[in-house]
Amino acid sequence: MNAVVRRLRPRPEFILFPGDEIIGLVPDAATLRKQWRHWLDTEMGWLDRTKTPIWHATGNHTTYDTMSEAVFREVLGLPGNGPPDQIGLSYFVRRDDLLMVFVNSFRRLGPHTSD
């Protein structure tokens, strides 16, 4: 896929990833960060992310527990305009007349309470 995108003319204005960029599913943050660094620096190293931003959605391989959510936020630095408990996981991006909304569908909810 990267080879095809690299050849596109004109270049894409942005790239969307719907999750699972990495294998993930590891119990420690250092290993998870290493996977992200490889993906960003090697797999996507051809892309100038200052000219072509990448927007990410959460996925079951990238945000599977509290630790992985923290690494996702840290490594990707996505917009912080989502709900307070979902900063960096759920967010929106506006480009001209296009509005993209990214929702963390793997959000773990607390116990249900009724009023």
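See the structure shown above.
Throughout what follows, the structure given in this document is the object of discussion. These figures come from a predicted structure and were not determined experimentally.

Parameters at a glance
- Residues numbered from 1 in each chain as written.
- Predicted model: local features only at pLDDT ≥ 70, side-chain atom pairs only at ≥ 80, totals over all residues.
- Heavy atoms only, no water.
- Salt bridge = Lys/Arg side-chain N within 4 Å of Asp/Glu carboxyl O.
- Helix = DSSP H or I, 4+ residues; strand = E, 2+ residues; numbered from the N terminus.
- Buried < 20%, exposed > 50% of the residue type's maximum accessible area, 1.4 Å probe, protein only.
- Core = buried A, V, L, I, M, F, W, Y, C linked by side-chain atoms within 4.5 Å.

### Observations regarding the pattern of salt bridges
Here is step 1 of the chain: In the structure shown here, the tally under the stated rule is three salt bridges.
Here is step 2 of the chain: Close ionic contact of Arg 95 with Glu 13 constitutes a salt bridge, the shortest N to O distance being 3.7 Å. Taken together, the positions of Arg 95 in strand S3 (residues 91-95) and Glu 13 in the loop between helix H1 (2-7) and strand S1 (15-17) put the pair 82 residues apart, joining distant regions of the chain.
Here is step 3 of the chain: A salt bridge links Asp 41 to Arg 37; the shortest N-O distance between them is 3.3 Å. In this pair, Asp 41 and Arg 37 both sit in helix H2 (residues 29-43), four residues apart, roughly one turn of the helix.
Here is step 4 of the chain: By relative accessible area, which is 46% here, Asp 41 ends up partly exposed.
Here is step 5 of the chain: For Arg 37, a relative accessible area of 38% gives the class partly exposed.

### Topic: the nonpolar core
Here is step 1 of the chain: Of all hydrophobic cores here, the largest spans 27 residues; its most connected members are Ile 15, Trp 36, Trp 39 and Met 44.
Here is step 2 of the chain: Looking at this core, the elements that each hand over two or more residues are S1, H2, strand S2 (54-56), helix H3 (66-76), S3 and strand S4 (98-102).

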